[in-house]
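Commentary on secondary and tertiary structure
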Amino acid sequence: MMDLDPRQYEHVIVNDSDVRNIVLSYLVHNCFNETAETFLACTGMKQPVDYLVDMDKRKSIFHFVLDGNALKAIELTEQLAPNLLEDDKDLHFDLLSLHFIDLVCSRKCTEALEFAQTELTPLGKLHKYVEKLEDLMALLAYEEPEKSPMFHLLSSDYRQNIADCLNRAILVSAYPNLPSYSSMERLIRQATVVRQFLHQELSKDGPPTFSLKAFLKN
Amino acid sequence: MGGVEDDEPPSKRVKASTEDLRSPFDNSSRSVPISPLGGSMARPLLSQGKDDMIGSKGVIKKVEFVRIITKALYSLGYERSGAALEEESGICLHSSVVNLFRKQVLDGNWNESVLTLHKIGLSDESILKSASFLILERKFFELLEKDRVMDALKTLRSEITPLGIDKKRVHELSSCVVSPQQRLLLGFANLGIETSNSRLKLLEDLQKLFPPTVMIPERRLEHLVEQALSVQREACYLHNSLDNSLSLYTDHHCGKDQIPSCTVQVLQAHHDEVWFLQFSNNGKYLASSSNDRSVIIWEVHEDGELSLKHMLTGHQKPVLMVAWSPDDFQLLTSGMEEAVRRWDVRTGDCIHVYEKGGLGLISCGWFPDGRQIFSGATDKSTCLWDLDGKEVESWKGQRTTRTSDMAVTKDGRWIISICRETAILLVDREAKLEKLIEEDQTITSFSLSGDDNFLLLNLVNQEIHLWSIKDDPVCVTRYRGHKRSRFLIRSCFGGYKQAFIASGSEDSQVYIWHRGTGDLIKALPGHSGAVNCVSWNPADPHMLASASDDHTIRIWGLNRAHLKCKEAYSNGVADQCNGKGQ
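Residues numbered from 1 in each chain as written. Chains lettered and ligands numbered in written order. Predicted model: local features only at pLDDT ≥ 70, side-chain atom pairs only at ≥ 80, totals over all residues. Heavy atoms only, no water.

An unreviewed UniProt entry lists chain B under the name WD repeat-containing protein 26 homolog, from Phoenix dactylifera. Looking at the Subcellular location (unreviewed entry) heading of the UniProt record, one finds this comment for chain B: "Cytoplasm". The UniProt entry for chain B carries the following comment under Subunit (unreviewed entry): "Interacts with RANBPM." (UniProt positions renumbered as here; feature names shortened; annotations may be inferred.)

Per an unreviewed UniProt entry, the recorded name for chain A is Glucose-induced degradation protein 8 homolog isoform X5, and the organism is Phoenix dactylifera.

1. Looking at the packing of helix H5 (residues 70-80) of chain A against helix H7 (residues 89-105) of chain A
Residue and element names in this part refer to chain A. Put simply, H5 and H7 touch, their axes get as near as 8 Å, and they point 145° apart. Contact residues: H5 offers Ala70, Leu71 and Ile74, while H7 offers His92, Leu95, Leu96, Leu98 and His99. Broken down by class, the residue content of the contact of H5 with H7 amounts to six nonpolar, two polar and no charged. (Axes fitted to C-alpha atoms, helices over the stretch in contact; angles between N-to-C directions. Helix = DSSP H or I, 4+ residues; strand = E, 2+ residues; numbered from the N terminus. Contact = heavy atoms within 4.5 Å. Nonpolar A, V, L, I, M, F, W, Y, C, P; charged D, E, K, R; others polar.)

2. A word on empty space enclosed by the protein
Residues and elements named next belong to chain B. On inspection of all chains with the given rule, the structure shows two cavities of 30 Å³ or more. Here the lining of the second largest cavity takes four residues from helix H1 (residues 62-76), the largest share from any one element. Of the residues contributing to the lining of the second largest cavity, the split by class is four nonpolar, one polar and four charged. (1 Å grid on protein atoms, 1.4 Å probe; cavity = no way out; pocket = protein on both sides within 12 Å on 5 of 7 lines; lining within 4 Å. Points joined across faces, edges and corners; volume = space filled by probe spheres on them.)

3. Focus: the nonpolar core
By size, the foremost hydrophobic cluster in this structure holds 78 residues, and its most contacted members are A:Phe100, A:Leu136, B:Phe140 and B:Phe210. Membership of the second largest hydrophobic core comes to 41 residues, among which are B:Phe276, B:Leu306, B:Val322 and B:Trp385. (Core = buried A, V, L, I, M, F, W, Y, C linked by side-chain atoms within 4.5 Å. Buried < 20%, exposed > 50% of the residue type's maximum accessible area, 1.4 Å probe, protein only.)

4. A few points about the interface of chain B and chain A
Of the residues lining the interface, 15 residues belong to chain B; the matching set on chain A comes to 16 residues. Interface area lost by chain B to chain A is led by B:Arg157, B:His171 and B:Val178, which between them contribute 48%. Summed over the shared surface of chain B and chain A, the result is zero salt bridges. Inspection of the chain B/chain A interface yields six residue pairs in polar contact (both at pLDDT 80 or more). For the side of chain B that touches chain A, the secondary structure elements donating two or more residues are helix H6 (149-160) and helix H7 (167-178) of chain B. (Buried area = accessible area lost by both parts, 1.4 Å probe. Salt bridge = Lys/Arg side-chain N within 4 Å of Asp/Glu carboxyl O. Polar contact = N/O pair within 3.5 Å; in protein donor to acceptor, adjacent residues only side chain to side chain.)

5. A closer look at the UniProt feature "repeat: WD" (unreviewed entry) in chain B
Following the UniProt record, one finds the feature "repeat: WD" (unreviewed entry) at residues 267-308, 312-353 and 524-559 of chain B. Secondary structure across residues 524-559 of chain B comprises 0% helix and 47% strand; the distance between its end C-alpha atoms is 13 Å.

6. So, the packing of helix H5 (residues 125-145) of chain B against H7(B)
All names here are of chain B. Relative orientation of the contacting elements H5 and H7 amounts to 10°, with a least axis distance of 11 Å. Between H5 and H7, the crossing angle belongs to the class labelled roughly parallel. Residue-level inspection shows Phe133, Glu137, Phe140, Phe141 and Leu144 of H5 in contact with H7, the latter providing Arg169, Val170, Leu173, Cys176 and Val177. Of the residues belonging to the contact of H5 with H7, the class tally is eight nonpolar, no polar and two charged. (Parallel < 35°, antiparallel > 145°, perpendicular 65-115°, else oblique.)

7. Description of the sheet that holds strand S13 (residues 372-377) of chain B
Residue and element names in this part refer to chain B. Reading across from one edge, S12-S13-S14-S15 is the order of the four strands in this open sheet, with antiparallel pairing throughout. With partners counted over all chains shown, the strands left at the sheet margins are strand S12 (361-366) and strand S15 (391-396), one partner each. Between one strand axis and the next, the sheet turns by 20° as a mean value, whatever way the strands run. For S13 and strand S14 (residues 381-386), the ladder comprises five bridges, and the chain directions are antiparallel. Bridging from a neighbouring strand, phenylalanine 374 pairs with leucine 384 of S14. (Pairing = 2+ DSSP bridges.)

In structure tokens form, the structure reads like this:
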């Protein structure tokens, strides 16, 4: 429930074109190219051309990752944003791990083993990857990896997370001046942080922490 | 009607006569005396029939006894004897299933051994699983060694992981498949070279999992004997010999003959009263100081004889005490209200002289790190120096006597000194704690035990008190008997595990007490003047030295004649049992 006087909100003027930009940024960011095109047509906004071209490619990369086809995703990323993966070792490692996990899930043990030996263990020299590697290798021990303690590696949430990271990295490398998160996300984050700060400072007297769910229900 | 027939030949076994036995072969009357042949024949141990307890107390189970002996025979390598015993006694070391299991493990028939494992009859699921895990892990590593990587992986996935135990280990094994370095890390790199040895080790590890009735633990008999020897040693009141003199033939019991009580050497080199002496920490040297202003370093030879190594001159006054450096390479000596000197033991040269302007120093000692020394002065203060003579610290106490004793524990933490006539102060340098020992009588000298947990105080009323200082100080024992009225007499700890207390006395004797009970064991005459100080060799529990006003030092040892007798006896018995039988 909002503690603040509702009339205070009415004094804030929201510009309609700002709102449209926010929506467009969300659509573009998440590669909803058809929806974006339609939206642009309906609102009569000017379309930034290169956005759309890249959107197709980004979209396919995103979906390849979601499906667990990391090799294809890597190939396309190399085409779209060369040197990106070279510079971002963590991301590269995560994508390679995805491929390994995919092999394990498809019960292709021999291939998984070979892939691990050639691609992954050289990276094991870096200390920060050691624990991750141990978890990955441990998957080999289970005939049903879904039932192992590392089952979260096989979940779609995990893949989604990596897909998001990759998407953001591509956007950043292509448009270094623009933010890596969509405006919508940034706005929500802003509200959350500000409310949290106020809550800490004023405790009982201040507004409660921000919850998107509660906000939407209201 | 009663009693054994007198014409029975002595070689016939006498039936045991306790009422419990119901031997069907016993035709003679039950009231057979215990040793009808005058006690020279040993009582029979084993009974016939179905009785399964043996031994005079009836607490030993025959089956267990025989199995342990059988196991010991096999461990010693006497295969035929072991097999013969199994056959003759009818008691198997292992059931046939277990034997099969052992053979399969040693041969490397892993899958069969796991099957046999389940037939042994172990009820505890977790033991079965742990044992299977060990065996399959071994199989896994041997496959890896032979480079059969996919087979190893298959074993891991289909046989080891489903056991559902030790997930951490399972993950480690997984990484072994991928990288050879991991194998090294887990210590499995050299499997192939010592296969048979490592399979034996696997068997031992498995043995530890099983209940002892299934597989007798290794070296069980040896362990039992060692326990018995330990108990005997602990119970030995006057124990004063080194461990390897314990024999299995008789219960261990030291008599007073293990206490040094015979003068074996008289050292005459000082020209006046000898006031102080002390063995070095390694027991290879003895240092003595005298009213004749000299200090002598004696060398202790292999055969126990002492000879003069150096006579250290330089002090202008009588030398009150000496102190060995922790590494025994150097010696500190302090003159009476004079200076402290530091000497090199090997060459006999004086390396440094420590003086405190205007004051007379009366005692000296080392810090355990060997880099600092302390000294007490006539103005009741104590000084701390580093080796070069730079004064580090000095503090005032309340007490001064002819010798103001001070000691430092081996960890360098506690400093112990006489702070008042009747009190000793223990100061913890790190935690800034203090403990106090208070007596009713004046304390004349003290010494610290080797383990830093006890303090021995000499009091003016002819008593020696032992205090425990580990926690709150408490007086544990008192020793009496010696004489002290005018002079400073010192006492010391000594013997095996410092189980004895020795002291000098004004009646010219050396007194020795049992530390635990306070009983006076010996008073040794020989000197013709008051005995001022004693020191027990830390490396040889049979060597004691005493310093006297009669200008001599006496070295006390064991009674040689006694010893030779004992050795002859034990040698004779050993000869008869030597070597293997016909």
